[in-house]
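The residues making up each chain are set out below.
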Amino acid sequence: MTQKNHIAIAGAGIGGLAAATALAQAGERVVIYDQFDQPRPVGSGLVIQPVGLNVLHQLGAGAAALGMGTRIHRMLGHEARGGHRVLDVHYDRPGGARFGLGIHRAALFQILLDAAIRAGAELVTGHRVTGQQNRRLSFAGRPDAGPFRMIIDASGAASPLSQMRARSLGYGALWATVDWPQTDLPRDELRQIYRRASHMLGVLPVGTLPGSPAQKAAIFWSLPASSYQDWCEGGLAQWHSQATTLWPDYAAFAQQITAPEQMTMARYSHGTLRRPWGDGVVHIGDSAHRASPQLGQGANMALLDAWALVVALQEARGDDGRAMQIYASARRWHVRVYQAMSWAFTPQYQSDSRVLPLLRDRLFFPMSLVPPMPAILSRLVCGDLLPPSA
């Protein structure tokens, strides 16, 4: 069967599935390749910001996401020693129209996969992409496929198709999913505790998992990227003691971790492809730009990239080369500004600096409470400080 009129997508992550859904709904022939043998996500909880939720609604997946996720109306962080606030960002008050959506990656993955398959996209499993040439994809231990009309690289931070040279960040985080316990913590807020910038721990309500009505939380623990083995060797008893000393409310969540393997180490990097397209190949999501998760924009950026590319293809009316340029131009400034903001904010919350946390607590946070800063920070977190597509 010829594939020259097909659009191939490398990677069945959030961006890849969103692009597949929108393209198939527009009548395109779409085939998705991923290395898993059975469809499954990797990761824990995330926040879909209002701009990302708008894309889900455009795809017809918004209602399902709202049904499985949890509405987040506030991001609140305290310093462990003094208990004073160092982060306080509201969306709208409870009941308002603007909110983040805490959701587990498994739930979002299943929602988008179902939408893509319903729209007519084809999913090919067991195919680990290793490269591309002349609009053909190559795979580990499999015959090549193609040529395709276009290849969309949505294969993430480890993309074999992207030429990005990203800079590794000094800190990452351990993540896990646990049951929502008996606790006084509200289920409509992302809560975080800091000790300077070297310790950060948090709790994010993420709603339910596919096939289960139980409410879940994603918990995280900031860690230098090179310290995972030391953390494992230190033992869970030491970690439990340290974490619950910093934040007693964390105990009901942390006690559910009974083996180190329940915590997954996530490492982060920062970089941008100056030209996110080539001859018949276009990059979206983490294969095009990477940043720390400090502003909670990773999933949203992938969704926005996917939607901008589909809109560009419709605008270009068959001229795929022009469509790629329209897509890159439309997303350029939104991506650059949010990456710059992430680069600026991250060391205040994840670093070995002793000066930056003092500035954060005594200068930047008090300034954030003075109008119009609360409104600006709200828009920054919502993802629409700049238009997502210019």
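For the structure itself, consult the block above.
None of these values were measured; they are calculated from a predicted model.

Cut-offs and rules
Residues numbered from 1 in each chain as written. Predicted model: local features only at pLDDT ≥ 70, side-chain atom pairs only at ≥ 80, totals over all residues. Heavy atoms only, no water. Pairing = 2+ DSSP bridges. Helix = DSSP H or I, 4+ residues; strand = E, 2+ residues; numbered from the N terminus. Expected span 1.5 Å × (residues − 1). Buried < 20%, exposed > 50% of the residue type's maximum accessible area, 1.4 Å probe, protein only. Phe/Tyr/Trp six-rings, centres within 6.5 Å; stacked < 30°, edge-to-face > 60°. Lys NZ or Arg CZ within 6 Å of the ring centre and 35° of its normal. Bend = angle between axes of the 7 residues up to and from the residue. Contact = heavy atoms within 4.5 Å. Axes fitted to C-alpha atoms, helices over the stretch in contact; angles between N-to-C directions. Core = buried A, V, L, I, M, F, W, Y, C linked by side-chain atoms within 4.5 Å. Parallel < 35°, antiparallel > 145°, perpendicular 65-115°, else oblique. Nonpolar A, V, L, I, M, F, W, Y, C, P; charged D, E, K, R; others polar. Patch = residues over 30% accessible without salt bridge, like charges linked within 9 Å, V, L, I, M, F, W, Y side chains within 5 Å. Areas by Shrake-Rupley, 256 points an atom, 1.4 Å probe, with all protein chains shown as cover. Salt bridge = Lys/Arg side-chain N within 4 Å of Asp/Glu carboxyl O.

**A word on the sheet that holds strand E19 (residues 269-272)**
So, step 1. Overall, antiparallel pairing links the 3 strands, which are arranged E13-E19-E21 in an open sheet. Two strands in the sheet have a free side with no partner beyond their single neighbour: strand E13 (167-168) and strand E21 (289-290).
So, step 2. Judged from the 2 bridges that link them, E19 and E21 form a sheet pairing that is antiparallel. What sits directly across from Thr272, in E21, is His289.

**Brief notes about helix H8 (residues 298-316)**
So, step 1. If you check H8, its first and last C-alpha atoms are 27 Å apart, about what 19 residues at 1.5 Å a residue would give, namely 27 Å.
So, step 2. In terms of residue burial, H8 counts as a mostly covered element, since 14 of its 19 residues are buried.
So, step 3. Arg317 occupies a position one or two residues after H8 and carries a positive phi of about 50 degrees.

**A word on the packing of aromatic side chains**
So, step 1. Across all of its chains, the model carries 11 aromatic pairs by this definition.
So, step 2. Seen from their ring centres, Trp239 and Tyr250 are 6.3 Å apart, and the 85 degrees between their planes marks the pair as edge-to-face. Of this pair, Trp239 sits in helix H6 (residues 236-246) while Tyr250 sits in the loop between H6 and helix H7 (251-254); the two residues are 11 residues apart in sequence, bridging distant segments of the chain. Here Trp239 matches Tyr250 in class, with each residue buried.
So, step 3. With 5.6 Å between their ring centres and 25 degrees between their planes, Trp247 and Tyr250 make a pair best called stacked. Neither Trp247 nor Tyr250 differs from the other in exposure class; each is buried.
So, step 4. An aromatic cluster of at least three residues, connected via ring pairs, comprises Trp221, Tyr228, Trp231, Trp239, Trp247 and Tyr250.
So, step 5. The residue whose ring lies beneath Arg360 is Tyr194, and the NZ or CZ to ring-centre distance is 5.2 Å.

**Re helix H10 (residues 355-368)**
So, step 1. Given a rise of 1.5 Å per residue, 14 residues ought to cover 20 Å, and the 18 Å separating the end C-alpha atoms of H10 matches this to within 8%.
So, step 2. The largest bend in H10 comes to about 35 degrees, at Asp361.
So, step 3. Three or more residues of H10 are buried, namely Pro357, Arg360, Asp361, Phe365 and Ser368.
So, step 4. Taken together, the buried residues of H10 touch strand E5 (74-79), strand E6 (85-90), strand E15 (189-195), helix H9 (320-349) and helix H11 (373-382).

**Observations concerning the sheet that holds strand E7 (residues 100-104)**
So, step 1. Spatial strand order, E3-E7-E4: 3 strands in an open sheet with antiparallel pairing. The open sheet is flanked by strand E3 (45-48) and strand E4 (70-72), the only strands paired with a single partner. Ignoring which end each strand starts from, the neighbouring axes of this sheet average 35 degrees apart.

**Let's talk about the nonpolar core**
So, step 1. Membership of the largest hydrophobic core comes to 56 residues, with the highest contact counts inside it found for Ile48, Ile103 and Ile152.
So, step 2. Ignoring anything within four residues of it in the chain, the contact list for Ile48 reads Leu53, Leu56, Phe99, Gly100, Leu101, Ile103, Leu108, Ala299, Asn300 and Leu303.
So, step 3. Grouped together as the second largest cluster of nonpolar side chains are 27 residues, Ala173, Tyr194, Leu380 and Val381 included.

**Things to note about the pairing of E15**
So, step 1. The buried fraction of E15 amounts to 7 of the 7 residues, a majority that puts the element mostly inside the structure.
So, step 2. Direction of pairing for E5 relative to E15: parallel, over a ladder of 6 bridges. Each bridged residue has a counterpart across the sheet, and for Glu79 the counterpart in E15 is Tyr194.
So, step 3. Pairing analysis gives 5 bridges linking E15 to strand E16 (residues 199-207), with the strands arranged antiparallel. Each residue of the ladder has a partner; that of Gln192, found in E16, is Gly202.

**Comments concerning the packing of H9 against H10**
So, step 1. Across the interface, H9 lies against H10 with an axial gap of 7 Å and an inter-helix angle of 105 degrees. Taken as axis vectors, H9 and H10 run roughly perpendicular relative to one another. Residues Pro347, Gln348 and Tyr349 of H9 form the contact with H10, whose own contacting residues are Leu356, Pro357, Arg360 and Phe364.
So, step 2. Here the contact of H9 with H10 is composed, by residue class, of 5 nonpolar, 1 polar and 1 charged.

**A look at the environment of Ala254**
So, step 1. The residue Ala254 is located in helix H7 in this model.
So, step 2. Ala254 sits 13 residues away from Ser241 along the chain, and the two C-alpha atoms are 9.8 Å apart.
So, step 3. Each residue touching Ala254, except ones within four places of it in the same chain, is listed here: Trp239 and His240.

**A word on unusual backbone geometry**
So, step 1. That bond from Gly146 to Pro147 is cis: its omega, 0 degrees, falls within 30 degrees of zero.
So, step 2. Mapped onto the fold, Pro147 is located in the loop between strand E11 (142-145) and strand E12 (150-153).
So, step 3. The residue after Pro371, namely Pro372, is reached through a cis peptide bond having omega 10 degrees.
So, step 4. Inspection of the secondary structure puts Pro372 in the loop between H10 and H11.
So, step 5. The phi torsion at Arg196 lies on the positive side, around 55 degrees, for a residue other than glycine.
So, step 6. Take Arg196: it is sitting in the loop between E15 and E16.
So, step 7. In this structure, Arg317 takes a positive phi of about 50 degrees despite not being glycine.

**Quick look at a nonpolar patch on the surface**
So, step 1. On the surface, Val355, Leu359, Leu363, Phe364 and Met367 cluster together to form a nonpolar patch covering roughly 420 Å² of accessible area.
So, step 2. By the secondary structure assignment, Leu359 is in helix H10.
So, step 3. By relative accessible area, which is 34% here, Leu359 ends up partly exposed.

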